[in-house]
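Fold and contact review
Spelled out, the chains give:
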Amino acid sequence: MKIFIKGGHIVNESRVTEGNIVIENGNIIEISKHQPEASFDETIDASGCYILPGIIDDHVHFREPGLTEKADIDTESRAAAAGGVTSYFDMPNCNPQTTSLKALEEKQAVAREKSHVNYAFFYGATNDNIDTFSQLDATRIPGIKLFMGSSTGNMLVDRQEVLERIFQCCKLPLMVHCEDTDIINRNMARAQEAWGEDPPVNLHAMIRSEEACVESTRKAVALANKYGTRLHVAHISTAEELELFTACRDSAETNITAEACVGHLFFTQLDHERLGARIKVNPAIKTPVDQFMLREALTDGRISVVATDHAPHLLSQKEGGCAKAASGMPMIQFSLVTMLELVDEGVLTIQRLVELMCHNPARLFGVQQRGFLRKGYRADITIVRPKCPWTVTADTILSKCGWSPMEGHQYQWRVERTLCNGQTVYADGQVAADVLGEAITFSHS
């Protein structure tokens, strides 16, 4: 099948240009300012729109297997498509956890049958599975996920000798959740003494504090420097943590990078007064100063990737305060349009947005043939239209949990169409149920 995308502003590799794109058999075969004379099976008019590489979200929790009352690969990949996300990397803390070769293979098999966009799965590190790292097919996974802070089951790794061995043995990118459990536990105990068993949710940033984040991130950076580990620190939430990445930002050869999440860029802890536990996440959303500095870091090189940490829960599971309400929120359907709001506000350019959400995830994880609009690459393409107001309502939310912290919010940008491997997976407000994504392949160097 031959497809012609006509017109539009193509945003790719630091440039915005007027042009057309030709797709054949799922690949981009031509990018040109001139209209080809060939005939096409389908013509897509992108006049007035911006044409981006498909968004790559390097941090999601689609909850399958074992937690599918909240979300599953089918529903959340539909939400991804509606948000312009064509590829995702899913986290291992499901049930059973993705900490064995068998669990990884079973998860990949489910995605082949159910995922409407492209998929890959992190392998989880535990206290006792380090010997399995060498058995992994490195072409099929983005890396290893390590929880150096609070987590569930046996995925919390905080023994120094085990951490040393993981950082020493890991030859793949190591994505790390950094919070110091001892500090969090002490803070929670103090809060419970003052406020009772379930302290108010607006104390969440005091309990999962700046200190807890900074101490853990500092330890991860020191271990990565000691062993030369390829470290990617997830969901940076504090201004002080950013200082740990200042030395890395100007080096093309750096082995240490940082991710920011849309929730920490859009909300502050003051929003708990309005939204309560709906924006309770780990690490906690923090002060307006932290938000300001995170936004500054989007353009100075300290933040390399923007993702969502998409983590659905049922609203019934979000009831309560710091101790009882579940942490995590669904954001994948609204991540791109939220970041485009920051473009309109002058926080970053649309070219930098594409670096953070498309190019850099592909570069840092060695994604093959995706993340750029290039001849010969898979045709993962997102078309967005500016100055097209719409409001998030309950019936527009595709995540299985059925709610979003963005409900009631009016956006000025709209995702017009999402193409995954050259097939339209989302257009006119509808997801194409018969379109399935592909397994992402990696080349780690």
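Preceding this paragraph is the structure being described.
Criteria and cut-off values
Residues numbered from 1 in each chain as written. Predicted model: local features only at pLDDT ≥ 70, side-chain atom pairs only at ≥ 80, totals over all residues. Heavy atoms only, no water. Pairing = 2+ DSSP bridges. Helix = DSSP H or I, 4+ residues; strand = E, 2+ residues; numbered from the N terminus. Contact = heavy atoms within 4.5 Å. Axes fitted to C-alpha atoms, helices over the stretch in contact; angles between N-to-C directions. Salt bridge = Lys/Arg side-chain N within 4 Å of Asp/Glu carboxyl O. Buried < 20%, exposed > 50% of the residue type's maximum accessible area, 1.4 Å probe, protein only.

Glancing now at the sheet that holds strand E16 (residues 305-307). Picture the strands of a sheet paired through backbone hydrogen bonds; they go either parallel or antiparallel. An order of E11-E12-E13-E14-E15-E16 is seen for the 6 strands of this open sheet, with the pairing classed as parallel. Each edge of the open sheet carries a strand with a single partner, namely strand E11 (123-124) and E16. For strand E14 (residues 231-233) and strand E15 (residues 256-261), the ladder comprises 3 bridges, and the chain directions are parallel. Within the sheet, the bridge partner assigned to Leu231 lies in E15 and is Ile256. Here helix H6 (residues 210-227) sits on the sheet in contact with E14 and E15, set at roughly 170° to E14.

Opposite charge on two side chains makes pairing possible when the charged atoms of those side chains draw close. Applying the stated criterion across every chain, the model contains 21 salt bridges. Its salt-bridge partner being Arg159, residue Glu161 comes within 3.2 Å of it at the nearest N-O pair. What makes Arg159 partly exposed here is its relative accessible area of 40%. Close ionic contact of Arg370 with Asp380 constitutes a salt bridge, the shortest N to O distance being 2.8 Å. In this pair, Arg370 is assigned in the loop between helix H12 (350-365) and strand E17 (381-385) and Asp380 in the loop between H12 and E17, connecting sequence segments 10 residues apart. For the pair Arg370 and Asp380, a shared accessibility class is recorded, and that class is buried. Put simply, Arg370, Arg378, Asp380 and Glu438 are held in one network by salt bridges that share partners.

Between Glu64 and Pro65 the backbone carries a cis peptide bond, its omega angle lying at 5°. For Pro65, the location among the structural elements is in the loop between strand E8 (55-60) and helix H1 (73-82). The omega torsion across Asn95 and Pro96 is 5°, close enough to zero to call that bond cis. Among the secondary structure elements, Pro96 is positioned in the loop between strand E9 (85-90) and helix H2 (101-114). Not every positive phi belongs to a glycine, and Glu13 is a case in point at roughly 50°. Inspection of the secondary structure assignment puts Glu13 in the loop between strand E2 (9-12) and strand E3 (15-18). Despite not being glycine, Asn421 has its phi angle at roughly 55°, a positive value. By the element assignment, Asn421 lies in the loop between strand E20 (414-420) and strand E21 (423-427).

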